[in-house]
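Below, each chain spelled out in residue letters.
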Amino acid sequence: RQAGETIGRLVSGRGDRGSSTPAEQIAEQVGDFFTRTEGMLACLEDEDSDWAEMLVHFLLGFSDLSWVFLTEILLGDPSHFCVTAAAPDLPDIVGRHPIDSGLAGRIYLQPTGPVIKPNLKMDPTIPPVFNKDDSLRKATSFYGWPLIYTDKLWGSLLFVGSQGETLPNIKISLLRSLVMRLSAHLHQWRLFNRVIELNYLDPQTSLPHRTYFINRLERLIELCQAKAYPGPTLSLLTISGLGRLAVNLGQKKTTEVLKSMAEYLLRSSGIEWELGHVSYGLFALAASGDEREKMDNTLLLFQNSLTELTYSLPGHSNFIFHHARADYPSDGNQAEELLETALARLAESD
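Since this is a predicted model, take the numbers as computed values, not measurements.

Visitor: How do you make sense of unusual backbone geometry when you look at a structure like this?
Guide: For residues other than glycine, phi is negative in most cases, and the peptide bonds are mostly trans. A cis amide bond, omega -10°, links A87 with the succeeding residue P88. Here P88 shows up in the loop between strand 2 (77-87) and strand 3 (96-98). Looking along the chain, the bond that leaves Y328 and enters P329 is cis, with omega of 5°. Structurally, P329 can be placed in the loop between strand 10 (320-327) and helix 10 (335-349).

This is the structure in structure tokens:
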């Protein structure tokens with residue numbers, strides 16, 4: 001509807017049918033804009049489609065600014081967001097950012113409307129776009145829209161200029177219409193993928209079950225090979241004491257505790273890590289070899305959190321934590337081999 005109103009305003013007062021007025025030329029450009037963006041949005045249900053990259057690159061040319069970003073609030077960690085697509089690609093922009101780290105986070109802190117700052121250098125109190133160490137510290141203008149549908153905040157669409165460029169009002173109007181359309185379509189896309197995930201996720205924890213985790217681990221191995229990263233490390237951790245907890249406090253409480261464990265691991269994990277719940281109380285984490293130290297620290301903090309969790313469960317004895325690891329390729333060349341090796345080591349640790 002809003003797109004139609006925008007076009008209507010543009011073409012109102014046009015001249016004779018045989019002439020092409022500036023308003024008609026603009027209307028044609030508006031039509032081309034929505035035709036192209038709709039074509040990209042039609043790819044949303046294709047899991048292998050690079051629709052997000054295509055969209056941000058198209059919008060980069062449309063805006064004539066320096067950078068365009070699509071961001072998303074992290075599932076299970078609403079205090080952080082990540083950059084899901086960028087044009088042009090910026091290797092020094094990290095994957096995850098605290099919501100209070102800069103201008104981009106203000107989209108989530110005040111999601112009632114756009115954050116438009118066409119003259120960043122005029123106000124020294126304005127924070128950086130993401131953080132003070134990224135390459136966007138030379139930004140001169142910023143435009144950001146929250147992506148909201150049915151009061152659900154999904155992410156944001158950001159535009160940044162570095163040469164004093166600003167967006168004219170007509171482009172701001174078109175982008176406002178696109179943001180509404182993109183928000184609705186992303187909502188549908190998430191519902192579509194949520195239905196698919198029901199076949200892949202363990203219902204107790206909402207983490208991938210064994211079969212799906214193995215598939216994800218196999219993809220991680222292929223990714224490390226393609227990008228010449230150190231081979232992935234697989235860590236298994238098992239939690240003993242859940243059975244006793246079910247006897248003492250009931251299965252419902254035990255399921256809540258199990259989900260809280262999964263949420264802790266999800267919040268503490270790196271953006272490119274793979275997580276799974278491969279058996280009752282048996283969690284799996286995998287990451288490229290250069291993330292091994294971070295993964296070990298995460299597991300140590302998780303083990304400490306179990307002690308705190310015990311204190312919050314009156315009448316329950318301590319949880320017992322066991323951990324085992326397998327490395328690619330020394331412990332296996334395939335995902336199943338790594339898992340079997342780690343399981344064998346886990347059994348020995350008992």
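Still more ground to cover, so stick around.
Visitor: Would you mind showing me how to read the pairing of strand 2 here?
Guide: Taken residue by residue, a regular strand's side chains alternate between the two faces of the sheet. Both strand 1 (residues 67-74) and strand 2 contribute to a ladder of 7 bridges, which runs antiparallel. When the sheet's bridge partners are listed, E72 is paired in strand 2 with C82. Sheet topology places strand 2 next to strand 3; 3 bridges connect them, and they run antiparallel. Counterpart to H80 in the pairing with strand 3 is P98.

Visitor: Can you help me understand the sheet that holds strand 5 (residues 141-149) in this one?
Guide: Strand pairing in a sheet takes place through backbone hydrogen bonds and is either antiparallel or parallel in direction. Spatially, 6 strands are ordered 3-2-1-6-5-4 in an open sheet, and the strand pairing comes out antiparallel. Each of the sheet's edge strands pairs with one partner strand only, and the pair in question is strand 3 and strand 4 (115-117). For this sheet the average axis-to-axis angle between neighbouring strands, irrespective of direction, equals 25°. Relative to strand 5, strand 4 is paired through 3 bridges, and the arrangement is antiparallel. Pairing of V115 across the sheet is with G144, part of strand 5.

Visitor: How do you make sense of the side chain of H97 when you look at a structure like this?
Guide: Inspection of the secondary structure puts H97 in strand 3. On the accessibility criterion, H97 (1% relative accessible area) is buried. In terms of polar contacts, H97 uses its side chain to reach the side chain of N131, at 3.4 Å. Once you skip the residues sitting within four places of it in the chain, H97 turns out to touch S79, H80, F81, V83, F130 and N131.

Visitor: Just checking my understanding: could you explain the packing of aromatic side chains for this structure?
Guide: Geometry of an aromatic ring pair is reported as the spacing of the ring centres plus the angle between the planes. Taken as a whole and assessed by the stated rule, the structure comprises 7 aromatic pairs. When the ring of F81 is compared with that of Y108, the centres are 5.1 Å apart and the planes differ by 40°; the resulting orientation is tilted. Here the residue F81 occupies a position in strand 2, and Y108 occupies one in helix 4 (residues 103-109), the gap between them amounting to 27 residues. Accessibility expressed as a relative area gives 0% for F81, which makes it buried. Considering the side-chain rings of F81 and F130, the 6.2 Å spacing of their centres and the 35° angle between planes classify their relative orientation as tilted. In this pair, F81 sits in strand 2 while F130 sits in the loop between strand 4 and strand 5, placing the two residues 49 residues apart along the sequence. Judged by relative accessible area, which is 0%, F130 ranks as buried.

Visitor: Even after reading the chapter, I still don't get the environment of D133, so can you show me in this structure?
Guide: Turning to its location among the elements, D133 is positioned in the loop between strand 4 and strand 5. Exposure remark for D133: the relative accessible area of 57% places this residue in the exposed category. Taking C-alpha positions, D133 is 8.9 Å from I93, a pair spaced 40 residues apart along the chain.

Visitor: Even after reading the chapter, I still don't get the side chain of T140, so can you show me in this structure?
Guide: Within the secondary structure, T140 sits in the loop between strand 4 and strand 5. Not counting residues within four places of it along the chain, the set of residues in contact with T140 comprises K117, P118, N119, L120, K121, G161, S162, Q163, G164 and E165.

Visitor: Hey, could you run me through the sheet that holds strand 7 (residues 233-240) in this one?
Guide: Across the sheet, 4 strands lie side by side as 8-9-7-10; this open sheet has antiparallel pairing. Each of the sheet's edge strands pairs with one partner strand only, and the pair in question is strand 8 (274-279) and strand 10. This sheet shows a mean twist of 20° between the axes of neighbouring strands, independent of strand direction. Two elements, strand 7 and strand 10, share 8 bridges in a ladder whose sense is antiparallel. Residue pairing for strand 10: I239 is matched across the bridge by F321. Across the sheet, helix 8 (residues 251-268) touches strand 7, strand 8 and strand 9 (282-287), and the angle it forms with strand 9 is around 10°. Across the face of the sheet, helix 9 (residues 292-311) comes into contact with strand 7, strand 9 and strand 10 while running at roughly 170° to strand 10.

Cut-off values and rules
Residues numbered from 1 in each chain as written. Predicted model: local features only at pLDDT ≥ 70, side-chain atom pairs only at ≥ 80, totals over all residues. Heavy atoms only, no water. Helix = DSSP H or I, 4+ residues; strand = E, 2+ residues; numbered from the N terminus. Pairing = 2+ DSSP bridges. Axes fitted to C-alpha atoms, helices over the stretch in contact; angles between N-to-C directions. Buried < 20%, exposed > 50% of the residue type's maximum accessible area, 1.4 Å probe, protein only. Polar contact = N/O pair within 3.5 Å; in protein donor to acceptor, adjacent residues only side chain to side chain. Contact = heavy atoms within 4.5 Å. Phe/Tyr/Trp six-rings, centres within 6.5 Å; stacked < 30°, edge-to-face > 60°.

Note that every value here comes from positions in space, so none of it alone points to a role or purpose.
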